[in-house]
Amino acid sequence: MLSPTPRDFTFNAADGTPLAGTLFEPPETAKGAVLIAGALGVTKRFHSPFAQWLTARGYWVMTFDLRGIGASRQTMHKHSLKGLDADMLTWARLDFSAAVHRLSELNCGEPITLVGHSLGINHAGMTDAATQRRVGHAISVAAGAGFWRDWAAPSRRVAPLMLHVAVPLLTPLFGYFPGKWLGMVGDLPGPAARQWARWCRHPDFAWGAEPDKVMPSLLSARFRIDAISFTDDEAMTQTCTRKLMAAFANARNTLHVIAPTDVGLTAIGHLGAFRRANSAELWPRIERLIRSV
C-alpha cells in the first residue's frame with residue numbers, strides 16, 4: 001500500500017482565528033475518519049508518525065494545533081504569547097470544536113473517531129453538545145483528571161513549584177507562561193495557564209473548580225470511550241483516569257490498563273504511546289480499539 005502524503009492546510013476556529021491542520025488521506029476508500037487531539041503543549045508534528053501509519057491502514061486522519069501552539073502560533077506571537085486571550089475553554093469550544101466539524105464535513109457528515117492524548121480527551125468533555133454529537137467513539141490515551149496530588153510521583157514532586165510558584169508568579173510578569181524556557185509543559189497563553197493551574201489545585205479538577213462552566217458539557221457527552229492508562233505514566237495515574245471517566249457520567253467507557261511488560265517494553269510513560277520506537281507494540285492495539293465500534 002502506498003504511503004499517504006500529508007497535506008497542510010489552514011482552517012478557522014469558531015471566532016475566525018486561523019488554525020493549522022494536517023490531513024492524511026488514505027490511498028484507497030477510507031474506513032473512517034480519525035481526529036488526533038494532542039496533549040498540553042504538544043504540537044501536531046509529534047503525532048504525525050502515528051497519523052501516517054494509521055492512514056496507511058485506511059483512515060482519514062487529521063491533526064491540528066491549538067491557537068498559540070506549534071504551527072498555529074501566529075507571527076505576532078513568535079517570541080511571546082503575551083496578549084493572547086485564550087483559556088482552556090477557548091481551546092475546547094472554539095479550536096477543538098472547529099477541528100471536529102472540519103473533519104466530520106470531510107467524512108460526509110458522519111461521526112468521527114477521536115484519539116485524545118491527555119488534554120485532548122478533556123477537550124471533548126468541555127466542548128459543546130453539537131460538537132460532541134459528531135464524535136462517535138473516543139480513544140483516551142494517558143488522560144485523566146489533573147488534581148496534582150493524584151499525579152504520579154515524578155510529576156507530583158515538581159507540581160508545587162509549577163502550580164503554586166511558577167505559574168502564579170511568572171505568568172503576570174511575562175504576560176504568558178514561559179514554559180518552554182523553564183522546561184515545564186511549554187509556552188501557554190496567560191489565561192490558559194492560570195485556569196489550568198487553578199483546576200490542578202482542586203481535588204475535583206475542572207468540574208470542581210468551575211462546575212457551572214464545565215459540568216454541563218461533561219454531562220452532555222454521549223460518545224463511547226476506550227481509555228488507556230499506562231502503569232508507568234509519569235503524570236497521569238490510574239486514579240486520574242478513573243476520575244476523568246467518572247466525570248463523563250453519560251458516556252459509556254471501558255478502562256484498559258497496560259504495563260510496559262505486558263507488551264514487551266521496558267517503558268512507555270506519558271508520551272510513549274505515540275513514539276515510533278513503540279509502534280509495533282502499541283499502535284496496532286490502538287487501531288484495534290478504533291475498529292471496535
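The rules behind each value
Residues numbered from 1 in each chain as written. Predicted model: local features only at pLDDT ≥ 70, side-chain atom pairs only at ≥ 80, totals over all residues. Heavy atoms only, no water. Core = buried A, V, L, I, M, F, W, Y, C linked by side-chain atoms within 4.5 Å. Buried < 20%, exposed > 50% of the residue type's maximum accessible area, 1.4 Å probe, protein only. Helix = DSSP H or I, 4+ residues; strand = E, 2+ residues; numbered from the N terminus. Contact = heavy atoms within 4.5 Å. Patch = residues over 30% accessible without salt bridge, like charges linked within 9 Å, V, L, I, M, F, W, Y side chains within 5 Å. Areas by Shrake-Rupley, 256 points an atom, 1.4 Å probe, with all protein chains shown as cover. Salt bridge = Lys/Arg side-chain N within 4 Å of Asp/Glu carboxyl O. Axes fitted to C-alpha atoms, helices over the stretch in contact; angles between N-to-C directions. Parallel < 35°, antiparallel > 145°, perpendicular 65-115°, else oblique. Nonpolar A, V, L, I, M, F, W, Y, C, P; charged D, E, K, R; others polar. Phe/Tyr/Trp six-rings, centres within 6.5 Å; stacked < 30°, edge-to-face > 60°. 1 Å grid on protein atoms, 1.4 Å probe; cavity = no way out; pocket = protein on both sides within 12 Å on 5 of 7 lines; lining within 4 Å. Points joined across faces, edges and corners; volume = space filled by probe spheres on them.

(A) Region of the structure containing the nonpolar core. Ranked by size, the top nonpolar core spans 71 residues in total, and within it L35, W91 and W151 carry the most contacts. The biggest single contributor to this core is helix α2 (residues 88–106), with 9 residues. Those residues in contact with W91 that lie beyond four places of it in its chain are L40, L66, R67, I69, A86, F96, L119, H123, L188, P189 and A192. By size, the runner-up hydrophobic cluster in this structure holds 26 residues, among which are F50, A51, L54 and V141.

(B) Geometry of the environment of R133. Along the chain, R133 turns up in the loop between α4 (129–132) and β6 (135–141). Here R133 falls in the exposed class, since its relative accessible area comes to 63%. Sequence separation of R133 and E110 is 23 residues, and the distance between their C-alpha atoms is 9.9 Å.

(C) Spatial organisation of a nonpolar patch on the surface. A contiguous nonpolar surface patch, about 450 Å² in accessible area, is contributed by L173, F174, W181 and L182. For the nonpolar patch, the secondary structure elements donating two or more residues are α5 (153–174) and α6 (179–182). Following the sequence through the fold, W181 ends up in helix α6. When its relative accessible area of 64% is taken as the criterion, W181 is described as exposed.

(D) Summary view of the packing of α2 against helix α7 (residues 190–200). Running from N to C, α2 and α7 point in directions that differ by 110°, and their axes come no closer than 7 Å. Here α2 is positioned roughly perpendicular relative to α7, judged by the angle of their axes. Residue-level contacts link M88, L89 and W91 of α2 to A192, Q195, W196 and W199 of α7. Here the residues of the contact of α2 with α7 are counted per class, giving 6 nonpolar, 1 polar and no charged.

(E) Up close: the packing of aromatic side chains. Applying the stated criterion across every chain, the model contains 11 aromatic pairs. Between F50 and W53, the aromatic rings sit 6.2 Å apart at their centres with planes inclined by 20°, giving stacked as the arrangement. Of the two residues, F50 and W53 both sit in helix α1 (residues 48–55), 3 residues apart, roughly one turn of that helix. For the pair F50 and W53, a shared accessibility class is recorded, and that class is buried. Consider the rings of F174 and W181, whose centres lie 6.0 Å apart with planes at 50°: the pair is tilted. Judged by its relative accessible area of 31%, F174 is partly exposed.

(F) The arrangement of the layout of surface pockets in detail. Roughly 620 Å³ of volume is contained in the largest pocket. Considering the residues around the largest pocket, the lining is formed by 24 residues, among which L40, V185, W196, A235 and H270 are closest to the centre. Breaking the lining of the largest pocket down by element, the ones donating at least two residues are α3 (119–126), α5 and α7. Counted as a void, the second largest pocket has a volume near 210 Å³. Along the walls of the second largest pocket sit G41, T43, G68, I69, G70, R73, K180, V185, G186 and D187, which together make up its complete lining. Considered class by class, the residues forming the lining of the second largest pocket number 2 nonpolar, 5 polar and 3 charged.

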